[in-house]
Amino acid sequence: MSDGLDGPEPEERPDPDGRRNSQGIRIDPEVEAEPEDRRAVLSALVKHEPGVLANISGLFRRRQFNIESLTVGPTTDPDRARITLEIEESEPGIEQAKKQLQKLVPVIAVTELEPTAIRRELALIKVDGSAPDQVGAVAEMYDGKTVDVSQESVTVEITGSEQKINAAVETFGRFGIHEIVRTGTAALERGTRKTT
Amino acid sequence: MSERTTQPPETEADSDTETTPTTVSSGATSVVRALENTGIEVMFGVQGGAIMPVYDALWNSDIDHVMMAHEQGAAHAADAYNVVSGEPGVCLATSGPGATNLVTGIADANMDSDAVVALTGQVPQSMVGSDAFQETDTTGITAPITKNNYFANDADTVGDTVGEAVALAGTGRPGPTLVDLPKDVTNAETDRDPGMAQTPETYMPQDEADHADVETAARAIEAADKPLLLFGGGVVKANAAETAREFATAYDIPVVTTMPGIGTMPEDHDLCLSWAGMHGTGYANMAINHTDLLIAVGTRFDDRLTGGIESFAPEAEVIHVDIDPAEISKNIHADYPLIGDAGRVLEQLDGALTTAPDADEWREQCLAWQEEYPMDYAAPDDEPLKPQFVVEALDEATSDEAIVTSGVGQHQMWASQYWTFREPRTWVSSHGLGTMGYGLPAAIGAKMAADDGEEVVCIDGDGSFLMTVQELSVAVREDLDITVAILNNEYIGMVRQWQDAFFEGRHMAAGYSWIPEFDKLAEAFGARGWRVDDYDEVADAVEEALDYDGPSVVDFHIDPAENVYPMVPSGGANDKFALSEDQL
């Protein structure tokens, strides 16, 4: 075995007192706290071309960002599409997600939406058809509408915030839910404020 | 193409005179025209079915094509060409296996931010998605390892796409780009000339840092007691080594580099503490861990540099200069982020500084650490040859501008530790991806980029050399004057070192029970070969190999027990580097 190098051994060397947390931020060990995760809604304006969505979802996969929902659709400009992404990450993680998104060449602009932004999700909920009147009444409570009725099932469309849809799903649960599909959040800033 | 690539030098010189550029008649000729427009002079590649139209279009071009033995070699050669010349390196491959063989080299270029443009053949669009012969989803496969990639679908615009790929690869933070070229597109008729190469409009790197941010950072530098400059590969990419040196000397701030940043500061300069990280010098790692202001320029804080995040420069405020905003606070939080070109931001800082930090004590401390933790080795005559001795012998026998390429492993560490680098773009290695087999094809790319008379030495390991040994045929065919020095310990040495340290010495699949005689292998390829076992043979073999006008291979049989120190254990604190195995 080789002899190695000369010099004081590791334990003989002076030790600095400081430390960093897992985000690489210098911390006071007395008041150490890991940043908490929060929910962020990102809106990305992208070139409307093949492969963009795969690029974005691939980016989120390989960087292990915890993605909550992702929606995509065209804009008034046929060359551009808008992607709404919801992620739950720590503050540095959200910053990193924004920068990594912005770095993709087909991405034109990325913004994080204000908490006051309009956020909507759509759900189709197919429940048991034995009590169509009651289903209709509940749907009305949630400003939803019945979009399909058969002998065995009633399908209801609900639009609204994620919380409202969660509540609706829970309420419809008592009829017996057969199937459900949700779109994920689409969001725009309020008033004249531009989203990107 | 050998009938063209082996043309005597006289003919090459004649062809320097202006010739008519490629006339655009097809997608393929448009591709070649676009490359000519961007000033591309050399390409590295391997022929194949789907890329044949592009090759055919090269017949009438002045672009020099080096036919490689394997596509991986083409990508590494293109990468090294970029590192040495600063110009984008271009590689070509056919569809399917050709493209997938490029993948390792593209990933390597991506990790090291090297401007490489890969052009791949693809099956005709009518057959895309049908699992046709030699079809792969090349843009899909390479999306995570390219800065951007393109699927060309129109002969009229394919030249512009290739131009954009070249421009994008070399602009801002460099990186690899790829254009997938379906055969119907390259074969299709078009007379549309590609325009001047332009980066996409969505890519607008910021050159200058915010002035207020620069002022704040400058005040932090003035106030620092223990300032330390950390120069990364970004300083090389930005051609900012000269500015960086001037900055360090003007304000008398000690410098450590990252491994890709080797050569940004002359390693024999009083202020230079050499490179930090897992196998960096003890003094560089001590300085990193005790600085109160780390001025990091063009580095992405790779884990091989930082060790454990918690203990990295634990008392330092961090000024981070980088052209890529996504690198800011990715791994290490930046207290003073300065987004911009390395050279330009250093000039801005220089303009904003009114005085140098008062750091006499700190500089003395850094010098004391250099005394305390010497990079040294014993070379007793009665023991087998030490690899460090070989590296130093090669360094002494070559000029300060000699270019060193390496594979990956123990030999790479010895080369970077014991060679004294003085200039940027003279250290060509696989850093982020750690690709064994990088050294030999990189030497080919480096030689193609080197100025006349500039020596290229590949310091390789036995394991690394075996991975891309076939490229020796290219060096012989192209008559490239390169010297390969194999530090042969008949082991995958770095694995063996880790097995000794962390797997109780169980050398599972680390040793070669039989290994070729590399000197004879070299002769079989048409190169010259030597074998060296003893100290007294080293000088002569080095001299003969360097003197030989063509590819030469010296197989140095070194002490198989020698390990690399210092060593920061993975995830450990930089200043807790081990100096010997019993400290791990």
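Residues numbered from 1 in each chain as written. Chains lettered and ligands numbered in written order. Predicted model: local features only at pLDDT ≥ 70, side-chain atom pairs only at ≥ 80, totals over all residues. Heavy atoms only, no water.

Trainee: Explain the overall build of chain A to me, please; I cannot follow it from the model alone.
Mentor: For chain A, the count of helices and strands is four helices and 11 strands. Relative to the compact-globule value of 16 Å for 196 residues, chain A shows a C-alpha radius of gyration of 24 Å, a clear excess of over 25%. Dimensions of chain A, computed from C-alpha atoms along their principal axes, come out at roughly 85 × 40 × 40 Å. When the 196 residues of chain A are sorted by exposure, 39% land in the buried category. In chain A, of all internal contacts separated by at least 6 residues, the share reaching a separation of at least 24 is 69%. (Helix = DSSP H or I, 4+ residues; strand = E, 2+ residues; numbered from the N terminus. Rg over C-alpha atoms; globule rule 2.2 N^0.38 Å. Buried < 20%, exposed > 50% of the residue type's maximum accessible area, 1.4 Å probe, protein only. Contact = heavy atoms within 4.5 Å.)

Trainee: Looking at this structure, I do not really get the overall build of chain B. What am I missing?
Mentor: Regarding its fold elements, chain B presents 24 helices and 18 strands. Scaling as 2.2 N^0.38, a compact globule of 584 residues should have a C-alpha radius of gyration of about 25 Å, and chain B matches this with 24 Å. Seen through its C-alpha atoms, chain B measures out along the principal axes to roughly 70 × 60 × 45 Å. Burial status across chain B gives 60% buried among its 584 residues. By sequence separation, contacts in chain B at least 24 residues apart represent 75% of the contacts at least 6 residues apart. Taken as a whole, chain B presents about 20800 Å² of accessible surface, with 47% of it coming from carbon and sulfur. (Areas by Shrake-Rupley, 256 points an atom, 1.4 Å probe, with all protein chains shown as cover.)

Trainee: Teacher, can you tell me more about the sheet that holds strand S2 (residues 64–67) of chain B here?
Mentor: The strands making up a sheet associate through hydrogen bonds between their backbones, and the pairing can be parallel or antiparallel. Residue and element names in this part refer to chain B. Strand order across the open sheet formed by six strands is S2-S1-S3-S4-S6-S5, with parallel pairing between neighbours. Strands with a single pairing partner mark the edges of an open sheet, and in this sheet they are S2 and strand S5 (148–151). Along the sheet, successive strands turn relative to each other by an average axial angle of 20 degrees, direction set aside. When strand S1 (residues 42–45) meets S2, the two strands line up parallel, connected through four bridges. By the bridge assignment for S2, Phe44 is matched with Val66. (Pairing = 2+ DSSP bridges. Axes fitted to C-alpha atoms, helices over the stretch in contact; angles between N-to-C directions.)

Trainee: I tried to follow the pairing of strand S5 (residues 80–89) of chain A on my own but got confused; where do I start?
Mentor: Every other side chain in a regular strand lies on the same face of the sheet, so the side chains alternate between the two faces. All names here are of chain A. Within S5, seven of the 10 residues are buried, which leaves it mostly tucked inside the rest of the structure. Strand direction decides the pairing type here: strand S3 (residues 38–47) and S5, joined by 10 bridges, are antiparallel. Each bridged residue has a counterpart across the sheet, and for Ala40 the counterpart in S5 is Ile87. In this structure, the hairpin formed by strand S4 (residues 67–74) and S5 is closed by a connection of five residues.

Trainee: Is there a simple way to think about the sheet that holds strand S12 (residues 336–339) of chain B in this case?
Mentor: Residue and element names in this part refer to chain B. Within the open sheet, the six strands sit side by side as S9-S8-S7-S10-S11-S12. Their pairing is parallel. Because the sheet does not close on itself, it has two edges, and the strands there are strand S9 (272–275) and S12. Ignoring strand direction, the axes of neighbouring strands in this sheet form an average angle of 15 degrees. Alignment of strand S7 (residues 227–231) against strand S8 (residues 255–257), held across three bridges, turns out to be parallel. When the bridges of S8 are listed, Leu230 appears paired with Val256.

Trainee: I'm lost on empty space enclosed by the protein in this one. Help?
Mentor: Taking a probe equal in size to a water molecule and rolling it over the atoms shows the remaining empty space. All names here are of chain B. Scanning the entire structure with this criterion turns up one cavity of 30 Å³ or more. Estimates place the volume of the largest cavity at around 140 Å³. Forming the boundary of the largest cavity are 16 residues, of which Val83, Lys237, Pro260, Trp427 and His431 lie nearest the centre. Among the elements of the structure, helix H5 (71–85), helix H11 (233–237) and strand S14 (427–428) are those that each provide at least two residues to the lining of the largest cavity. No other element matches the three residues that H11 contributes to the lining of the largest cavity. (1 Å grid on protein atoms, 1.4 Å probe; cavity = no way out; pocket = protein on both sides within 12 Å on 5 of 7 lines; lining within 4 Å. Points joined across faces, edges and corners; volume = space filled by probe spheres on them.)

Trainee: What exactly am I supposed to notice about the interface of chain B and chain A here?
Mentor: How big an interface is tends to be reported as the loss of accessible area on association of its parts. With 49 residues of chain B at the interface, the matching set in chain A holds 36 residues. For the pair chain B and chain A, the summed buried area comes to about 3600 Å², and 52% of that belongs to carbon and sulfur atoms. Put simply, chain B and chain A have four salt bridges between them. Put simply, A:Arg26 and B:Glu317 hold a salt bridge, and the shortest N to O gap is 3.9 Å. Put simply, chain B and chain A have 20 residue pairs in polar contact (both at pLDDT 80 or more) between them. Elements with a contribution of two residues or more to the side of chain B that touches chain A: helix H13 (282–290) and strand S11 (317–322) of chain B. Counted by class, the side of chain B that touches chain A contains 24 nonpolar, 10 polar and 15 charged residues. (Buried area = accessible area lost by both parts, 1.4 Å probe. Salt bridge = Lys/Arg side-chain N within 4 Å of Asp/Glu carboxyl O. Polar contact = N/O pair within 3.5 Å; in protein donor to acceptor, adjacent residues only side chain to side chain. Nonpolar A, V, L, I, M, F, W, Y, C, P; charged D, E, K, R; others polar.)

Trainee: So what exactly am I meant to see when it comes to the environment of B:Leu271 here?
Mentor: Residue and element names in this part refer to chain B. Among the secondary structure elements, Leu271 is positioned in the loop between S8 and S9. Overall, the relative accessible area of 8% leaves Leu271 in the buried class. Each C-alpha atom, one on Leu271 and one on Pro227, is 12 Å from the other, the two residues being 44 residues apart in sequence. In this structure, Leu271 is in contact with Ala248, Thr249, Asp252, Ile253, Pro254, Val255, Met265 and Arg363, ignoring residues within four places of it in sequence.

Trainee: I'm lost on the pairing of S11(B) in this one. Help?
Mentor: Residues and elements named next belong to chain B. Most of S11 sits inside the fold, with five of its six residues counted as buried. Relative to S11, strand S10 (residues 293–297) runs parallel, the two being bridged by five bridges. Each bridged residue has a counterpart across the sheet, and for Leu294 the counterpart in S11 is Val318. Relative to S12, S11 is paired through four bridges, and the arrangement is parallel. Directly across from Ile319, in S12, lies its bridge partner Tyr336.

Trainee: Looking at this model, I keep getting lost on unusual backbone geometry. Mind explaining?
Mentor: Peptide bonds are, in most cases, trans, and in most cases residues other than glycine have a negative phi. Residue and element names in this part refer to chain B. Cis geometry marks the peptide bond from Tyr565 to Pro566; its omega dihedral reads 0 degrees. Positive phi, close to 55 degrees, is recorded for Gln134, a residue that is not glycine. Locating Gln134 in the fold gives a position in the loop between strand S4 (116–122) and helix H7 (138–142). For Gln134, a relative accessible area of 27% corresponds to the partly exposed category. Positive phi values are uncommon outside glycine, yet Asp479 reaches one of about 55 degrees.

Trainee: For this particular structure, what's the right way to read the pattern of salt bridges?
Mentor: When their charged atoms lie close together, side chains carrying opposite charge are able to pair. Scanning the entire structure with this criterion turns up 41 salt bridges over all chains. For A:Glu179, the salt bridge is made with A:Lys126, and the minimal N-O distance between the two is 3.0 Å. With a gap of 53 residues between them, A:Glu179 in strand S10 (residues 177–182) and A:Lys126 in strand S7 (residues 118–128) connect regions that are remote in the sequence. We note a salt bridge from B:Arg344 to B:Glu208, for which the minimum N-O separation is 2.8 Å. On the criterion of sequence distance, the pair formed by B:Arg344 in helix H15 (residues 342–352) and B:Glu208 in the loop between helix H9 (183–187) and helix H10 (211–223) is long-range, its members being 136 residues apart.

Trainee: How should the state of the cysteines be read in this particular structure?
Mentor: In protein structure, a disulfide is the covalent linkage between the sulfur atoms of two cysteines. Residue and element names in this part refer to chain B. Under the counting rule described, the total for this entry stands at zero disulfides over all chains. You can see Cys272 has no disulfide; the closest cysteine sulfur is in Cys366, sitting 11 Å from it. Cys91 provides the cysteine sulfur closest to Cys458, a residue in no disulfide bond, and the two sulfurs are 19 Å apart. (Disulfide = S-S within 2.5 Å.)

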